[in-house]
Amino acid sequence: MQMISYKSKTSSALRITAIYTFVAILWILFSDLVVNFIVDDTSVREKIQTYKGITFVVVTASLLMLLISRSNKALLKSNDIDFVTGLPRLGLFLKMIDRQISNLSPADRYAMYYIDIDHFHELKETLGEEQAESFLVSLAMDFEQHIYPGAIVSHVHADEFSVGIKVEPNTDIENVAKKIQHLVRLQSTVYGMSTTCCLGVALYPDDGMNARQLLSSATSAIETAKTKGNYIQFHDLSLTQRAKQRHQQFLELRDAIHQEQLSVVYQPKYSLSDNSVCGVEVLARWNHPDKGFISPDIFIPLAEDYDLIHQLSKLVLKIAVNELVSTDLVGSCLEHISINISASEFNNPHEMTELMAFIKQTPAITPHIRIEITERAALDEIKRSSELISVFQQDGVSFSIDDFGKGYTSLAMLKDLAINEIKIDRSFVSELTSDSRSRTIVSAIIGMAQSFDIDVVAEGVETGEQLAILKELGCQQAQGYYFARPMPLVELKDHLRLEPK
Ligand code: G
Ligand code: G
Ligand code: MN
């Protein structure tokens, strides 16, 4: 934001007036001389003088109008801008924040910081009014330039500022607050002081859905901070604590992916006609060096929320392909290598194309890759991706709908997509023996799959009883702890050597 100084505005007004006066006097004197010199006839001279006067009035009146309308506009603008610091005043600040919030996507967060300089009265008494004001101006410039890229800064009142920033996945919200404290201390040393400040921090959407609500949360937080001095207070401490833990976990997962520290396991899929293995599902595992195995139910949603899922999928695919090409299993024992991908990836043609390019690098594997899409993928987006599906299918890759029946889009997905396989959600399978309705649903799904001529796999088969019912209902394939748990490659090799079961 441009600095606006009251003094410089006054001096420029004086300058314009002086120039105008000077030019006008010169014009009157010299134009009269010129007219007198050219025209002799006094009556003609008088007429020319009259026209000259009228022209002069019209020109200056127009100029005056232009200047007044410009200054009116500037005046309107200056109501939004603080004279002392040149920063937006509160009203404009809130409008700017609301605009940024309205442009956020659902997973984004926004942070508002409220800043209050500690013991500003004493600072003012020590430095004097003028120096204290100059300290605030310097601070405003520091805040604008150094807090965070794209930060919106406002001088709210006296020694109080407010800052809004869009929180990116690697933004450390507390570090930004510490940086503000650092800037205050640093600038105060220029004035021979050692000044601290307090901060109240509010986060969108948890502490408020719009700029006003965030401001109110941040100011209520700073009340607590002020009782302590030189303190950062989050509006919702427990929430921030959790957010911090999750953020920490995200950083660790990001590093684990970069350093390729994830591993994969394989869960076999069986053909029920002869109980032989017909494929494997690749599942990601994260063995944390200090914390041990972390469940995919924790790190998969984390990767989805923090935009890491595509990198994770690429890594999982890379590890699985590398491991499997070193064996002679693909195409002999294993017809299908199933890879899970998340809805967000499936909906992103760029990411899907990238995956496909990677898959095609190993032609021996390509026709065996089966991509499992969870039902969480939104249907509108799926329609857009359906063309991509058929392109991939031409290269031999096939598609499966995971957890079929759980979401409400199942049938519509079948209608719109040329799917190769559906996997009946394990919640139906687990109730097969106890609930006749589940049995009816499973039977209907199998019948429908057969009439569409697509493979049907029952997931989560845990007992012989469930298996018997599935066979009775005509299910072709199954997967589950009854047959085998997910296992590393070495175990898979042994397992395949020992089959058929
Ligand atoms: O074995 P299990 O606990 O691995 O898996 C838990 C969940 O995590 C399942 O819903 C499974 O689909 C998902 N999952 C496992 N590995 C991957 C993966 O590589 N990518 C994606 N998107 N999901 C996975
Ligand atoms: O959502 P998806 O189908 O990708 O889920 C795979 C998950 O299901 C993995 O976590 C895997 O360990 C788990 N799983 C596989 N077989 C069984 C089973 O028989 N019972 C249960 N409870 N989970 C299973
Ligand atoms: Mn799956």
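First, a word on what this report is: a plain description of the structure on this page. Because the structure is predicted, anything quoted here is derived from the model rather than measured.

### As for the environment of Asp 274
- With respect to the secondary-structure elements, Asp 274 resides in the loop between strand E6 (262–271) and strand E7 (276–288).
- Put simply, Asp 274 and Ala 140 are 134 residues apart on the chain and 76 Å apart in space, counted from C-alpha to C-alpha.
- There is a polar contact of 2.8 Å between the side chain of Asp 274 and the side chain of Ser 276.

### Overview of the coordination of the manganese ion (ligand 3)
- At 2.1 to 2.4 Å from the manganese ion (ligand 3) lie its protein donor atoms, namely Glu 281 (OE), Asn 340 (OD1), Glu 372 (OE) and Asp 402 (OD).
- Along the chain, the residues donating to the manganese ion (ligand 3) are arranged with the sequence spacing E-x58-N-x31-E-x29-D. With Glu 281 in strand E7 and Asn 340 in strand E9 (residues 336–341), this pair connects stretches of sequence that are 59 residues apart.
- Residue classification places Asn 340 among the partly exposed positions, given a relative accessible area of 25%.

### Quick notes on the layout of surface pockets
- In this structure, the largest pocket spans a volume of roughly 1,100 Å³.
- Lining the largest pocket are 35 residues, and of these Glu 281, Leu 283, Asp 297, Asp 402 and Arg 426 sit closest to its centre.
- For the lining of the largest pocket, the secondary-structure elements that each account for two or more residues are E7, helix H9 (296–305), helix H10 (309–325), E9 and strand E11 (398–404).
- Of the residues assigned to the lining of the largest pocket, the class counts are 12 nonpolar, nine polar and 14 charged.

### A short note on the site of ligand 2
- Around ligand 2, a shell composed of 13 residues is seen, among which Glu 281, Arg 426, Glu 459, Glu 462 and Tyr 481 lie nearest.
- A distance of 3.0 Å separates a nitrogen atom of ligand 2 from a polar atom in the side chain of Gln 267.
- Measuring from an oxygen atom of ligand 2, one finds a side-chain N or O atom of Asp 403 at 3.2 Å.
- If ligand 2 stood free it would expose 520 Å²; the protein chains cover 78% of that surface.
- Applying the majority rule of atoms within 2 Å of the grid points places ligand 2 in the largest pocket.
- The class makeup of the residues in the shell around ligand 2 is three nonpolar, four polar and six charged.

### Looking at the nonpolar core
- In this structure, Phe 399 and Ile 422 are the most contacted members of the largest nonpolar core, which totals 78 residues.
- Broken down by element, this core gets its largest block of residues, nine residues, from H10.
- With near-sequence residues (within four places) excluded, Phe 399 lies in contact with Phe 346, Met 352, Arg 370, Ile 371, Ile 373, Ile 389, Phe 392, Gln 393, Ile 419, Asn 420 and Glu 421.
- Ranked by size, the runner-up nonpolar core spans 34 residues in total, among them Leu 87, Ile 117, Ala 132 and Ala 151.

### Some thoughts on a nonpolar patch on the surface
- Nonpolar side chains collect at one region of the surface, where Ile 19, Phe 22, Val 23, Ile 25, Leu 26, Leu 29, Phe 30 and Leu 33 lie side by side and expose about 800 Å² of accessible area between them.
- By secondary structure assignment, the location of Ile 25 is in helix H1 (residues 6–38).
- Residue class for Ile 25 comes out partly exposed when judged on its relative accessible area of 47%.

So, how was this worked out
Residues numbered from 1 in each chain as written. Chains lettered and ligands numbered in written order. Predicted model: local features only at pLDDT ≥ 70, side-chain atom pairs only at ≥ 80, totals over all residues. Heavy atoms only, no water. Helix = DSSP H or I, 4+ residues; strand = E, 2+ residues; numbered from the N terminus. Polar contact = N/O pair within 3.5 Å; in protein donor to acceptor, adjacent residues only side chain to side chain. Donors = N, O, S within 2.8 Å, 3.2 Å for Na, K, Ca; no water. Buried < 20%, exposed > 50% of the residue type's maximum accessible area, 1.4 Å probe, protein only. 1 Å grid on protein atoms, 1.4 Å probe; cavity = no way out; pocket = protein on both sides within 12 Å on 5 of 7 lines; lining within 4 Å. Points joined across faces, edges and corners; volume = space filled by probe spheres on them. Nonpolar A, V, L, I, M, F, W, Y, C, P; charged D, E, K, R; others polar. Near = heavy atom within 4 Å. Areas by Shrake-Rupley, 256 points an atom, 1.4 Å probe, with all protein chains shown as cover. Sits in = over half its atoms within 2 Å of the grid points. Core = buried A, V, L, I, M, F, W, Y, C linked by side-chain atoms within 4.5 Å. Contact = heavy atoms within 4.5 Å. Patch = residues over 30% accessible without salt bridge, like charges linked within 9 Å, V, L, I, M, F, W, Y side chains within 5 Å. Salt bridge = Lys/Arg side-chain N within 4 Å of Asp/Glu carboxyl O.

Fair warning: the whole summary comes from geometry, so function is off the table for now.
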